[in-house]
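Breakdown of the fold
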Amino acid sequence: MTRTRTTVAGGVSLAELRVWMLLVAGFAYWGNVVRTARSDGAAGLGYVLDGVLQNGAFAAASWALIVAWAAGAGPARRASAGQIAAAAALCLLGAMPSRQTAILVLIGLGVQLARPAGTRTGRKVAVLLFALAFDSAWTSPYLLALHAAVATLDARAVQGLLHAAGVGAGRYGNLIAGATPGFGIEILARCASSYPFGGVCLAFVVTLLYQGRFPRRRDLPWLVASLAASVVLTEVRLSWMALGDADYLWLHEGSGVTLYTLAAVACAVLFPLLAARGGGRAGGSRVGAGA
């Protein structure tokens, strides 16, 4: 006797099925991004674009790569009944409008694409889906307590930097005051140095894959350096903002935001570029152009 794989007569190929699943995952992800964006009652295309921009350039870049690689994300064989059922379950899960279900859809689809039977292109897409899921989970409201605890440590670091610069400042939990009489700043959870870590990891993965290879263990020191640079940049920004009202407004709402964003993007891209340049000779880890 020989064992055969059950397929659906006249059904779709596994590659086509996974393209549809990626489409549903994209709608679930971006639908949640737009739904949770600050709108102040606004609606329309401008509101959607604002939500996309707030979510970060590397998230958009990762989905651009997913779209470019989607056609090769599955083997050229018929999808079985079990695979179609699993896809239907993930699609139904993605129809629920919540961050948690969107994360589960990304992880579930990533696991399917990363399986040994998947293609090399499918594994590239899986890595991006895992990075997107981690970024979404890291900035989830359920982890705000963790970032709030880190914000208290950030306040200690800011106070130390100000004292090193000869500026007297007091600290009360996550509040820095006294650098200027009558002025202080409160470091909230979303302002903590740990909050951008998900985006930094996503930028690291996107840049490495764009350079032509998968992330690997020897890249870990470069990733740690990228995270450390993000922490230093955040502490410098918070210390600068604590100097006075004018500095706060410039770095929080004015043109200083652009300067900070450019510096953050430069740091996020620099270290994975150095990692790719330093480890590009290891052919076994190269992504390759084909599926």
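Predicted model only: the values in this text are computed from it and were never measured.

A word on the overall build of the protein. Check the secondary structure of the protein and you find eleven helices and three strands. If you list the helices and strands of the protein from N to C, you get α-α-α-α-α-α-α-β-β-β-α-α-α-α. For the protein, the residues scored as buried account for 43% of the 291 residues in total. Considering only contacts within the protein whose residues lie at least 6 apart along the sequence, 72% involve residues at least 24 apart.

So, on to the sheet that holds strand β2 (residues 175-177). With antiparallel pairing, three strands are arranged side by side in an open sheet as β1-β2-β3. Each edge of the sheet is formed by a strand with only one pairing partner; in this case those strands are β1 (170-172) and β3 (184-186). Strand-to-strand twist of the sheet, defined as the mean angle between neighbouring strand axes without regard to direction, takes the value 15°. Across three bridges, the pairing between β1 and β2 is antiparallel. Paired with Tyr172 across the strands is Leu175, a residue of β2.

Here we take up the packing of helix α5 (residues 99-114) against helix α6 (residues 120-138). Contact geometry of α5 with α6 gives a least axis separation of 8 Å together with a crossing angle of 155°. With respect to their mutual orientation, α5 and α6 come out roughly antiparallel. Along this stretch, α5 crosses α6, giving a crossing that reads as left-handed. For the pair α5 and α6, the contacting residues are Arg99, Ile103, Leu106, Ile107, Leu109, Gly110, Val111, Leu113 and Ala114 in the first and Gly122, Arg123, Val125, Ala126, Leu129, Phe130, Leu132, Ala133, Ser136 and Ala137 in the second. Here the contact of α5 with α6 is built from residues that sort into 14 nonpolar, three polar and two charged.

In this section: the packing of aromatic side chains. Using the criterion set out here, one finds six aromatic pairs in the structure. With centroids separated by 5.1 Å and ring planes inclined at 90°, the aromatic side chains of Tyr29 and Trp30 adopt a geometry described as edge-to-face. Trp30 matches Tyr29 in its accessibility class, with the two residues each being buried. Ring centres of Tyr29 and Trp63 lie 5.6 Å apart, and the angle between their planes is 40°; this geometry places the pair in the tilted category. One end of the pair, Tyr29, is in helix α1 (residues 14-36); the other, Trp63, is in helix α3 (residues 57-69), and 34 residues separate them in sequence. There is no split in this pair, since Tyr29 and Trp63 are both buried.

As a further point, take the confidence of the model for the protein. In the predicted model, the protein carries a mean pLDDT of 82, and the fraction of residues at 70 or more is 83%. For residues 280-291, every residue scores under 50 in pLDDT, and the model assigns this stretch 24 contacts once sequence neighbours within four places are set aside.

This part takes up helix α8 (residues 197-211). In this model α8 runs 21 Å from its N-terminal to its C-terminal C-alpha over 15 residues, within 8% of the 21 Å that 1.5 Å per residue would give. The element α8 is largely enclosed, with a buried count of twelve among its 15 residues. Listed as buried for α8 are Phe197, Gly198, Val200, Cys201, Leu202, Ala203, Phe204, Val205, Val206, Thr207, Leu208 and Leu209. Where α8 is buried, its residues meet α3, α6, α9 (220-241) and α11 (256-278). Phi for Gly212, located one or two positions after α8, is positive at around 110°.

Before going further, it helps to examine the nonpolar core. Counting residues in hydrophobic clusters, the biggest one holds 38 residues, and the most contacted among them are Leu22, Trp63 and Leu129. Residue assignment for this core shows that the elements contributing at least two residues are α1, α3, α4 (81-94), α5, α6 and α8. Sort the elements by how many residues they give to this core and α1 lands first, with eight residues. Non-local contacts of Leu22, meaning those with residues more than four positions away in its chain, are made with Trp63, Ile66, Ala70, Ala73, Leu109, Leu113, Val125 and Leu129.

Conventions adopted
Residues numbered from 1 in each chain as written. Predicted model: local features only at pLDDT ≥ 70, side-chain atom pairs only at ≥ 80, totals over all residues. Heavy atoms only, no water. Helix = DSSP H or I, 4+ residues; strand = E, 2+ residues; numbered from the N terminus. Buried < 20%, exposed > 50% of the residue type's maximum accessible area, 1.4 Å probe, protein only. Contact = heavy atoms within 4.5 Å. Pairing = 2+ DSSP bridges. Axes fitted to C-alpha atoms, helices over the stretch in contact; angles between N-to-C directions. Parallel < 35°, antiparallel > 145°, perpendicular 65-115°, else oblique. Left-handed = near helix turned anticlockwise from the far one by under 90°. Nonpolar A, V, L, I, M, F, W, Y, C, P; charged D, E, K, R; others polar. Phe/Tyr/Trp six-rings, centres within 6.5 Å; stacked < 30°, edge-to-face > 60°. pLDDT = per-residue confidence, 0-100. Expected span 1.5 Å × (residues − 1). Core = buried A, V, L, I, M, F, W, Y, C linked by side-chain atoms within 4.5 Å.

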